[in-house]
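Structural characterization, general
Below, each chain spelled out in residue letters.
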Amino acid sequence: MADQKEKKYAKPLPHVDEETRPWWEALQRHELYVQKCRDCGDVRYHPRAQCTSCLSPRTEWVRCSGRGKVYTFTATYQNQAPGFRESLPYIMAWVELDEGLKMLTNLVECRPEEVKIGMPVEVVYEDVTPEVTLAKFRPAR
Amino acid sequence: MSLSRKACVAGAYEHPTRFAPDKSMFQIMAESIRGALDDAGLTIKDVDGLCTTGIGMGGMGIVGFCDYLNLTPNFVDSTAIGGSSFVAHTAHAAAAIAAGLCEVCVVVYGSTAASSRFAIGTGGAGGGGDPCDQFEIPYGPTTVGAYAMIAQRHMHDYGTTPEQLAEIAVAMRLHASMNPVAKYRDPITVEDVLASRVISSPLHLLDCCIISDGGGALVITSAERARDLKKKPVYILGTGETVRHAARGQRDFLEIAAAQSGRLAFERAGVKHSDIDMAMIYDSFTITVHTTLENLGFCKRGEGGAFVSGGRLRFDGDFPINTDGGGLSSNHPGMRGIFLVIEATRQLRGECGPRQVVDCKTALVHGTGGALGTRHSGATLILSNQ
Ligand SMILES: [Zn+2]
């Protein structure tokens, strides 16, 4: 019983809808994408149906290299939310992808004192449930 | 059309409670309205406009509160943009009065955050159902964490130190020690702030606002109507509001809403930075004050650390702010915007006793709602007793 309880994923899961499903499905294949407007060329993250610069619905999915740099971060020592209160401290960061877009994520496989702004990082995929995979980042190897 | 001096704050009341397990949110709001109307020399029969956020209320928001107090106003606004909402309400009330939509508008707030044991800054932030939330909630964002990321980046880019941020908390506590109703009144030092535990690096416990119950209300009316009321009017000279967010992944996070709302408020008020005698700056966290002062243009970007140091922010310093002790020491029931306007009003009336800023004629108020490191709103007011 205790084992089963520990295995249950307690952190909040995203709501996946038709607008964002292709992005989440790509993560399940361990691929990370951003979007680019086919009309004005503006790039955007997170995914949404229309370009925010010209409102065009004509969208190209651009496969990311999976590499980027730490733009900023924080090590959280207090969070009462289920799933997080059991995994303190954890590191939250804005990572600037090579594609020029900032993405909120977690840094993993490193300790808070090892993290530096500007540090190169690479994506790791965590299959947290059968339906959801999350993109997190670790120090680049 | 300029709004300058068309409307004014005629009544202001801060509920003295910091812990009220015996009261409902609506009761705190109603008691606050009574206090603000008494202060103005008006009665509930005079009120024809009402602003409050509706946050924490039932599905019909402000309508449920109107039912509770049997109000049928000609103007309602329940703009809900976080802690800055009541600063924006004050601006909206002024615009409504100038446009003839109402004549006496009450702005009101109440909360029992402390007695209901609500984790304002360290619970899971948002949990909301917006599209943007889906790309954040899996990673454990908290309100304090989102602000901490701004502090981390600022320290990296400009060498801002934890000691400089701590100076803000120290000045607020000094002011709280002179405010009989402030929740925490024992003086603290920079060392105390740095020795308090880290909540979300680089922010310590004493870099964070407190959690209290509380409430307050304002009475906004036309300059004409205010002329024969009980208190000297505090005129609304200029207003500004806007939002910032991740900007489709392309945001410069050290540029915040205050840059735009502040510029609008100064332009509309027709005053200069050097005209501001004191300011009320939303202090959810020390970094909020620091970054807001830079973005409002009181110092250059990167110079905030030096600007807030050396006692400058004290009531007797070159640039007094948050003379009531702020959210860091006096009260923070979740959304603090109304208290910023209330204390600025008290300063401009000369009602602040030992913490009174000498010769205070013009004040700036800036509210921040939400989180600087994800998305937030900013609302600025410039007020004057002249
Ligand atoms: Zn476009």
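Scope of this entry: the structure provided in the associated data block.

About the thresholds
Residues numbered from 1 in each chain as written. Chains lettered and ligands numbered in written order. Predicted model: local features only at pLDDT ≥ 70, side-chain atom pairs only at ≥ 80, totals over all residues. Heavy atoms only, no water. Disulfide = S-S within 2.5 Å. Buried < 20%, exposed > 50% of the residue type's maximum accessible area, 1.4 Å probe, protein only. Pairing = 2+ DSSP bridges. Helix = DSSP H or I, 4+ residues; strand = E, 2+ residues; numbered from the N terminus. Contact = heavy atoms within 4.5 Å. Buried area = accessible area lost by both parts, 1.4 Å probe. Salt bridge = Lys/Arg side-chain N within 4 Å of Asp/Glu carboxyl O. Polar contact = N/O pair within 3.5 Å; in protein donor to acceptor, adjacent residues only side chain to side chain. Nonpolar A, V, L, I, M, F, W, Y, C, P; charged D, E, K, R; others polar. Donors = N, O, S within 2.8 Å, 3.2 Å for Na, K, Ca; no water. Tetrahedral: all angles 85-135°; square planar, octahedral: opposite > 155°, others 65-115°. Core = buried A, V, L, I, M, F, W, Y, C linked by side-chain atoms within 4.5 Å. Axes fitted to C-alpha atoms, helices over the stretch in contact; angles between N-to-C directions. Phe/Tyr/Trp six-rings, centres within 6.5 Å; stacked < 30°, edge-to-face > 60°. Lys NZ or Arg CZ within 6 Å of the ring centre and 35° of its normal.

1. Brief notes about the state of the cysteines
Tallying each qualifying case throughout the model produces zero disulfides over all chains. Of all cysteine sulfurs in the structure, the one in Cys51(B) sits closest to Cys66(B), which takes part in no disulfide; the separation is 10 Å. Note on Cys66(B): relative accessible area 9%, which makes it buried. A disulfide-free cysteine, Cys132(B) has its sulfur positioned 17 Å from the sulfur of Cys51(A), the nearest such atom.

2. Re the sheet that holds strand 2 (residues 43–44) of chain A
One open sheet accounts for three strands, arranged 2-1-3 (chain A); its pairing is antiparallel. Looking at which strands have only one partner, the edges of the open sheet turn out to be strand 2 and strand 3 (59–63) of chain A.

3. Quick look at the interface of chain A and chain B
With 45 residues of chain A at the contact, the number on the chain B side is 37 residues. Roughly 3300 Å² is buried in total at the junction of chain A and chain B, and carbon and sulfur atoms are behind 58% of that figure. Arg248(B) is paired through a salt bridge with Asp42(A); the nearest N and O atoms lie 2.5 Å apart. The interface formed by chain A and chain B contains 24 residue pairs in polar contact (both at pLDDT 80 or more). Sorting the residues of the side of chain A that touches chain B by element identifies helix 2 (21–28), strand 2, strand 4 (67–76), strand 5 (90–97), strand 6 (102–107) and strand 8 (133–139) of chain A as the ones contributing at least two each. For the side of chain A that touches chain B, the leading source of residues is strand 4 of chain A, giving six residues. When the residues that make up the side of chain A that touches chain B are grouped by side-chain class, the tally is 25 nonpolar, 14 polar and six charged.

4. Notes on the coordination of the zinc ion
All names here are of chain A. Protein coordination of the zinc ion is provided by Cys37 (SG), Cys40 (SG), Cys51 (SG) and Cys54 (SG), with donor distances spanning 2.3 to 2.4 Å. One can describe the site at the zinc ion as tetrahedral: its four donor atoms subtend angles covering 103 to 119° at the metal. Binding-site remark: the zinc ion is held by donors from one chain whose sequence spacing is C-x2-C-x10-C-x2-C. In this pair, Cys37 is assigned in strand 1 (residues 33–37) and Cys54 in the loop between strand 2 and strand 3, connecting sequence segments 17 residues apart.

5. Quick word on the nonpolar core
Residue and element names in this part refer to chain B. Counting residues in each nonpolar core, the largest one holds 58 residues, and the members touching the most others are Leu203, Leu293, Phe298, Phe319, Leu364 and Ile382. Of all the elements, helix 5 (residues 143–158) adds the most residues to this core, at eight residues. Those residues in contact with Leu203 that sit more than four places away from it in its chain are Val144, Tyr147, Ala148, Ala151, Leu165, Val198, Phe285, Thr286 and Ile287. The next biggest cluster of nonpolar side chains, apart from the first, holds 40 residues, and it includes Leu3, Ala93, Ile236 and Val357.

6. A word on the sheet that holds strand 10 (residues 362–370) of chain B
Residue and element names in this part refer to chain B. Judged by pairing direction, the sheet is mixed, and its nine strands sit side by side in the order 3-2-4-7-1-8-11-10-9 without closing on themselves. With one partner strand each, in any of the chains shown, strand 3 (75–77) and strand 9 (278–281) form the two edges of the open sheet. Averaged over all neighbouring strand pairs, the angle between strand axes comes to 25°, with direction disregarded. As defined by bridge partners, strand 1 (residues 7–14) adjoins strand 7 (residues 214–222) across seven bridges and the pair is classed as antiparallel. From the neighbouring strand, Val9 faces strand 7, where its bridge partner is Ile220.

7. Topic: the packing of aromatic side chains
Enumeration over the complete set of coordinates arrives at 17 aromatic pairs over all chains. Between Trp23(A) and Phe135(B) the ring centres are 5.2 Å apart and the planes differ by 70°, which places this aromatic pair in the edge-to-face class. Of this pair, Trp23(A) sits in helix 2 while Phe135(B) sits in the loop between helix 4 (131–134) and helix 5, which puts the two residues in different chains. In this pair, the class of Trp23(A) matches that of Phe135(B), namely buried. When the centroid spacing of 6.1 Å and the interplanar angle of 70° are considered together, the rings of Tyr109(B) and Phe339(B) count as edge-to-face. On the criterion of sequence distance, the pair formed by Tyr109(B) in strand 4 (residues 104–111) and Phe339(B) in helix 13 (residues 337–349) is long-range, its members being 230 residues apart. Here Tyr109(B) matches Phe339(B) in class, with each residue buried. Grouped by ring-pair contacts, the aromatic residues Trp23(A), Trp24(A), Tyr45(A) and Phe135(B) constitute a single cluster. A cation sits over an aromatic face here: Lys102(A) above Tyr71(A), 4.6 Å from the ring centre.

8. Re the side chain of Ser377(B)
Residue and element names in this part refer to chain B. Assignment of secondary structure puts Ser377 in strand 11 (residues 376–384). Among the polar contacts listed, one links the side chain of Ser377 to the backbone oxygen of Ile81, at a separation of 2.5 Å. Within the structure, the side chain of Ser377 is placed 2.6 Å from the side chain of Ser84, a separation counted as a polar contact. Residues contacting Ser377, with those up to four places away along its chain left out, are Ile81, Ser84, Thr242, Val243, Ala257, Gly367, Thr368 and Gly369.

On their own, these measurements won't tell you what the molecule is for.
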